[in-house]
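Structural characterization, general
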Amino acid sequence: LFPAGTETGDKQASPDIWSNRAGFDEAAAAAGDAAIKLAATDEAGFQAAFKDLGAGCKTCRPAIPR
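Residues numbered from 1 in each chain as written. Predicted model: local features only at pLDDT ≥ 70, side-chain atom pairs only at ≥ 80, totals over all residues. Heavy atoms only, no water.

1. Focus: the overall build of the protein chain
Note the threshold: The helix and strand labels rest on DSSP assignments: H or I over at least four residues marks a helix, E over at least two residues marks a strand, and numbering proceeds from the N terminus. Exposure classes here rest on a 1.4 Å probe applied to the protein chains alone. A residue is buried below 20% of its type maximum, exposed above 50%, and partly exposed in between. The protein chains shown are the only cover counted for residues, whose accessible areas, like all others here, come from Shrake-Rupley with a 1.4 Å probe.
If you tally the helices and strands in the protein chain, you get three helices and zero strands. Ordering the α and β elements of the protein chain from the N terminus gives α-α-α. Here the protein chain holds 66 residues, and 17% of them are scored as buried. A total accessible area of about 5100 Å² is found for the protein chain, and carbon and sulfur atoms account for 59% of it.

Put into structure tokens, the structure is as follows:
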């Protein structure tokens, strides 16, 4: 994800992806873990698992104004 050279151009992704690669890799791993929990949860745990997944995504891409 986001290899060298992808930091240029018209992007909506956070510049922290390239300037803080270790932090990005950690957030990506956490989002992956959250996705696994989301898939493995029951209906009662879905809402909490979905929030965790969304929180991971927000670290890489700022909120889009609506």
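2. What to know about the packing of helix α2 (residues 21-40) against helix α3 (residues 43-58)
Selection rule: Each axis is a line fitted through C-alpha atoms, and for a helix only the stretch in contact is used; angles between axes span 0 to 180 degrees, taken between their N-to-C directions. Should an angle fall under 35 degrees it is taken as roughly parallel, and over 145 as roughly antiparallel, whereas 65 to 115 is taken as roughly perpendicular and any remaining angle as oblique. For a crossing to be left-handed, the near helix must be turned anticlockwise from the far one by less than a right angle; the clockwise case is right-handed. Any two residues whose heavy atoms approach within 4.5 Å are treated as being in contact. Here the nonpolar group is Ala, Val, Leu, Ile, Met, Phe, Trp, Tyr, Cys and Pro; Asp, Glu, Lys and Arg are the charged ones; every other residue, Gly included, is treated as polar.
Where α2 meets α3, the axes come as close as 8 Å, and the angle between the chain directions of the two elements is 160°. Judged by the angle between their axes, α2 and α3 are roughly antiparallel. In the crossing of α2 with α3, the sense of the turn from one axis to the other is left-handed. Together, Ala31, Ala34, Ala35, Lys37 and Leu38 of α2 and Phe46, Ala49, Phe50, Asp52, Leu53 and Gly56 of α3 make up the contact between the two elements. Residue composition of the contact of α2 with α3, grouped by class: eight nonpolar, one polar and two charged.

3. Observations concerning the environment of Phe50
Relative to the assigned elements, Phe50 resides in helix α3. On the accessibility criterion, Phe50 (49% relative accessible area) is partly exposed. In sequence terms Phe50 and Lys37 are 13 residues apart; their C-alpha atoms lie 8.9 Å from each other.

4. So, the packing of aromatic side chains
Selection rule: In this analysis, rings of Phe, Tyr and Trp, with Trp reduced to its six-membered ring, are considered paired at centre separations within 6.5 Å, and the interplanar angle assigns stacked below 30 degrees, edge-to-face beyond 60, and tilted for intermediate values.
Throughout the structure, instances matching the rule amount to one aromatic pair. Summarising the aromatic geometry, the rings of Phe46 and Phe50 are spaced 5.8 Å apart at their centres and angled 20° between planes, so their arrangement reads as stacked. Separated by four residues within a single helix, Phe46 and Phe50 lie in helix α3, roughly one turn from each other.

5. Some points on α2
Counted only if it meets this: Here the expected length of a helix is defined as 1.5 Å per residue gap, with one fewer gap than residues. Think of it as the arc spanned by the lines of direction from the helix axis to the C-beta atoms.
For α2, with 20 residues, the first-to-last C-alpha span of 29 Å sits near the 28 Å given by 1.5 Å per residue. Within α2, burial applies to Phe24, Ala27, Ala31, Ala34 and Leu38. The buried residues of α2 occupy an angular sector of 85° when projected down its axis, which confines them to one face. When the buried face of α2 is taken as reference, the exposed residues oriented beyond 90 degrees from it are Ala22, Glu26, Ile36, Lys37, Ala39 and Ala40.

6. Concerning the confidence of the model for the protein chain
We count it as follows: Per-residue confidence from the predictor is reported as pLDDT, a score between 0 and 100.
Confidence along the protein chain averages 77 in pLDDT terms, with 85% of residues attaining 70 or more. Ranking the helices and strands of the protein chain by mean pLDDT puts α2 first, with 84, and helix α1 (residues 16-19) last, with 79.

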